[in-house]
Amino acid sequence: MGESGGCCPPMDLMRSEPMQLVQLIVPMESAHLTVSYLGDLGLVQFKDLNSEKSPFQRTYAAQIKRCGEMARKIRFFKDQMSKAGVLRKDSLENGTDIDLDDVDVKLGELEAELVEINANNDKLQRSYNELMEYKLVLEKAGEFFSSAHTSATAQQREIDSQQVGEDLLEAPLLQEDKSIDSSKQVKLGFLTGLVPREKSMVFERILFRATRGNVFIRQTVIEEPVIDPNSGDKAEKNVFVVFYSGERAKSKILKICEAFGANRYPFSEDLGKQAQMITEVSGRLTELKTTIDAGLGHRNILLHAIGDKFELWNLKVRKEKAIYHTLNMLSLDVTKKCLVAEGWSPVFASNEIQNALKRAAVDSNSQVGSIFQVLRTKELSPTYFRTNKFTSAIQEIVDAYGVAKYQEANPGVFTIVTFPFLFAVMFGDWGHGICLLLATMYLIVREKKLSSQKLGDIMEMAFGGRYVIMMMSLFSIYTGLIYNEFFSIPYPLFAPSAYDCRDASCRFQFIPQMIFLNSLFGYLSVLIIIKWCTGSQADLYHVMIYMFLSPTDELGENQLFPHQKTVQLVLLFLALVSVPCMLLPKPFILKKQHEARHQGQSYAPLEETDESLHVEASGGSHGHEEFEFSEIFVHQLIHTIEFVLGAVSNTASYLRLWALSLAHSELSSVFYEKVLLLAWGYNNWLILIVGIIVFIFATVGVLLVMETLSAFLHALRLHWVEFQNKFYEGDGYKFAPFSFILTANEDE
């Protein structure tokens, strides 16, 4: 539902705006600009005149594909800026109009440049991560070989002391022992690398089993997580060194390393070469880091430049895509020089639409103007209620049940008052109402700032219904003053009540909360007003119950006005007579109409005739002149029984007002007496502080959140089920005009 503007007539929420079906004949050269201006206006709902064509067969399919490709590039930029933490410029440059071709070229250039930068950065980052792992392997494996070399040195000294072998110290770690027979020597090889820590034990076990124990493996834990070159994710890894014998064992080890995602790196057991390799790797890491930082700096500059124009480009592409989607709904005339459009618009918007057509013709330098004409139709018009920020939330509550049929009475007018009032009957406490009002006023005072922010789902709903919640809180304060309830504490602000006793001795005894039952019978409402005005002590429970059980009994002290018994008998008689009046006339009227048509008499149906009569008169015949009186009668009997039972059950459903009001009051009393007063009675400051904190959290969490939601849902049910289904069909469809405002607010 749109919000009213200054150029529109005053709002009438009771009835929907008068609608008209219009036809526009627009020259091809001004069609694009015409649809653009109508999108700014937002008062035309176009009909699809090409529904028989597929999307690929329509006139502007290529343009839509082009806009879709540009939208993909913009989403790519958005994702890149989000990852880099670059903020988009929210404000649009006023009066800036850019050409779509220029935007397409610019987006293509920026995408190509950004893709190239990302690809280069990924390669450099992968090389950097590989070198980091290689450096760790050199350091950790080098520690193992250094330890082995130290152990060999100690052995050499021991052997020297025993005068066994003088040249053993100079031999490499894995050099064969010359004292051993060369035919029995075993040449060992080794592999080094990194393996994920969570797979390290399984990795070691599989190696042992695959080689039948003919391997020697050592693992060292890396304290800090490292970035895996393949996945780019941080992972905890171990450095491993595997010693093996033979090419067959090496082949098995290589396959196992590949299966476990273990990255292998070359390594030399020579200590001098190890130090040289570490120096070279460190130097290359420094160079790569400098290059990567420079690339990221250039990338950030590019993303900031994109961010400055992002919203402008995004809005432009969205608008163009929406324009071409709309143009595809228009049909070509026989000359193929004009486009024909049909759509719904409010009657008051005729002048604005014609002005937009004239302006588009002038701005596009078209030699032929557009034609605007109103079509006659019997189609059901869409429903359009002009609302503002105060009434829009209430209208959404009604529309959630069903959109009003065109020119159907709108329950939203009554709901503006009845919804917060019924909520307040169940939430009657002026202390809680003040808390709810303060929270709502925060949303209202900061609505301009909050409306431009992305809120959570729950907060978004609360912000959208801020004025409804404000009305609910104000009515809660009102009913709380009537109930004399302030956080469950009774305050005698008004005269004492005597509704709970009939004895004159307790007539002026103070009652904290008036006992009441509002079943919303019209007659009961009159009795309540009379009782308030006269100060009578009549028991309205007794009056209403025995009005049905014993209508002829004397009222005695329960009589509120003269001839009350006669009035009640008349009302009861009318209630009973209404049942056969609902059951009998309609089937006989339908039968009479059928017989008249069968005899050749022709009657022109009135425009305002109830559609259900025509449907039922022809229902089940499937084009044949058959009339089953029994079926019509049974159908009407079912509706009558349903209405009578619904009248009783729906009226009894209003007892929830009393039940929820009592529950709210009792919960408040429990939190006040069993938490706050109990903590106060201990005369201990610590216990008192804890009690106050518990009381505050219980009040906010249970009474101000859960009870608010409960009372809201019950009030919603009372309006949808007990109120609106009595008269409201809600089988219309909402007016959905083509508007750039809605396009700008949509998320991709």
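Residues numbered from 1 in each chain as written. Predicted model: local features only at pLDDT ≥ 70, side-chain atom pairs only at ≥ 80, totals over all residues. Heavy atoms only, no water.

For the rest of this paragraph, the subject is the packing of helix α16 (residues 564-583) against helix α19 (residues 629-653). The contact between α16 and α19 brings their axes to 9 Å, and the two run at 150°. Taken as a pair, α16 and α19 cross one another with a handedness that is right-handed. Here α16 contributes Val579, Met582 and Leu583 to the contact with α19, which in turn contributes Phe633, Gln636, Leu637, Thr640, Phe643 and Val644. Split by residue class, the contact of α16 with α19 holds 7 nonpolar, 2 polar and no charged. (Axes fitted to C-alpha atoms, helices over the stretch in contact; angles between N-to-C directions. Helix = DSSP H or I, 4+ residues; strand = E, 2+ residues; numbered from the N terminus. Left-handed = near helix turned anticlockwise from the far one by under 90°. Contact = heavy atoms within 4.5 Å. Nonpolar A, V, L, I, M, F, W, Y, C, P; charged D, E, K, R; others polar.)

Mapped onto this structure's residue numbering, the UniProt feature "transmembrane region" (unreviewed entry) falls at residues 421-445, 466-483, 515-534 and 685-706. Segment residues 421-445 splits into 88% helix and 0% strand. End C-alpha atoms: 24 Å apart. Each end of residues 685-706 is marked by a C-alpha atom, and these two atoms are 30 Å apart; helix forms 100% of the span and strand 0%. (UniProt positions renumbered as here; feature names shortened; annotations may be inferred.)

Looking at where threonine 34 falls in the secondary structure, it is placed in helix α1 (residues 28-41). Apart from residues no more than four positions distant in its own chain, threonine 34 is found in contact with Val26, Leu357, Ala360 and Ser370.

Secondary-structure assignment places leucine 572 in helix α16. Every residue in contact with leucine 572, bar those within four places of it in the chain, is listed here: Met547, Phe548 and Pro551.

Another aspect to go through is the packing of aromatic side chains. Aromatic ring pairs are reported here in terms of the distance separating the ring centres and the angle at which the planes meet. Summed over all chains, the structure comprises 29 aromatic pairs. For the ring pair tyrosine 384 and phenylalanine 735, a centre distance of 5.0 Å and an interplane angle of 55° mean the geometry is tilted. You can see tyrosine 384 sitting in the loop between β11 (371-375) and α8 (392-401) and its partner phenylalanine 735 sitting in the loop between α21 (685-723) and α22 (740-745), a full 351 residues away along the chain. Since its relative accessible area comes to 5%, phenylalanine 735 is described here as buried. Here the aromatic rings of tyrosine 401 and tryptophan 720 are separated by 6.4 Å at their centres, their planes lie at 40°, and the arrangement is tilted. With tyrosine 401 in helix α8 and tryptophan 720 in helix α21, the pair connects residues that are 319 residues apart, well separated along the chain. Classification of tryptophan 720 as partly exposed rests on a relative accessible area of 24%. Put simply, the rings of Phe144, Phe145, Phe190, Phe216, Phe243 and Phe267 pair up and form one aromatic cluster. (Phe/Tyr/Trp six-rings, centres within 6.5 Å; stacked < 30°, edge-to-face > 60°. Buried < 20%, exposed > 50% of the residue type's maximum accessible area, 1.4 Å probe, protein only.)

This part is about the sheet that holds strand β8 (residues 263-265). With antiparallel pairing, 4 strands are arranged side by side in an open sheet as β4-β7-β3-β8. At either end of the open sheet lies a strand with only one pairing partner, and these are β4 (216-221) and β8. Across the sheet, the mean angle from the axis of one strand to that of its neighbour is 25°, orientation sign disregarded. Together, β3 (188-196), β4 and β7 (237-245) form the strand contacts of helix α4 (residues 200-210), whose direction differs from that of β4 by roughly 170°. Strands β3, β7 and β8 of the sheet are contacted by helix α5 (residues 247-259), whose axis makes an angle of about 160° with β7. (Pairing = 2+ DSSP bridges.)

Turning our attention to the packing of α8 against α21. Between α8 and α21, the shortest axis-to-axis distance is 10 Å and the interhelical angle comes to 60°. Overall, the two elements α8 and α21 adopt an arrangement that is oblique. Read as a crossing pair, α8 and α21 show a hand that is right-handed. Across the interface between the two elements, Ile397, Ala400 and Tyr401 from α8 touch Phe712, Leu716 and Trp720 from α21. The residue inventory of the contact of α8 with α21, partitioned by class, reads 6 nonpolar, no polar and no charged. (Parallel < 35°, antiparallel > 145°, perpendicular 65-115°, else oblique.)

Once that is clear, we can look at the confidence of the model for the protein. Per-residue pLDDT for the protein has a mean of 83; in total, 86% of the residues score no lower than 70. Low pLDDT (under 50) marks residues 4-10, which in the prediction has 9 contacts with non-local residues, meaning those over four places away or in another chain. Here residues 506-519 is modelled with pLDDT under 50, and outside its nearest four sequence neighbours on either side it reaches 42 contacts, counting other chains as well. (pLDDT = per-residue confidence, 0-100.)

Let us now look at the nonpolar core. If you look at the biggest cluster of nonpolar residues, it comprises 52 residues, and the most contacted ones within it are Leu24, Phe46, Ile306, Leu327 and Ile353. Contributions of two or more residues to this core are made by β1 (19-27), α1, α2 (61-84), α3 (100-161), α6 (271-327), β10 (338-346) and α7 (350-363). Counting residues per element, this core draws most heavily on α6, which supplies 10 residues. With near-sequence residues (within four places) excluded, isoleucine 306 lies in contact with Phe77, Met81, Leu110 and Trp313. Membership of the second largest hydrophobic core comes to 23 residues, among which are Tyr134, Leu138, Phe144 and Phe243. (Core = buried A, V, L, I, M, F, W, Y, C linked by side-chain atoms within 4.5 Å.)

Turning to unusual backbone geometry, a few remarks are in order. At asparagine 365, a residue that is not glycine, the phi angle is positive and equals roughly 55°. The residue asparagine 365 is located in the loop between α7 and β11 in this model. Notably, histidine 563 is not glycine yet its phi reads approximately 60°, a positive angle. Of note, histidine 563 is situated in the loop between α15 (540-549) and α16.

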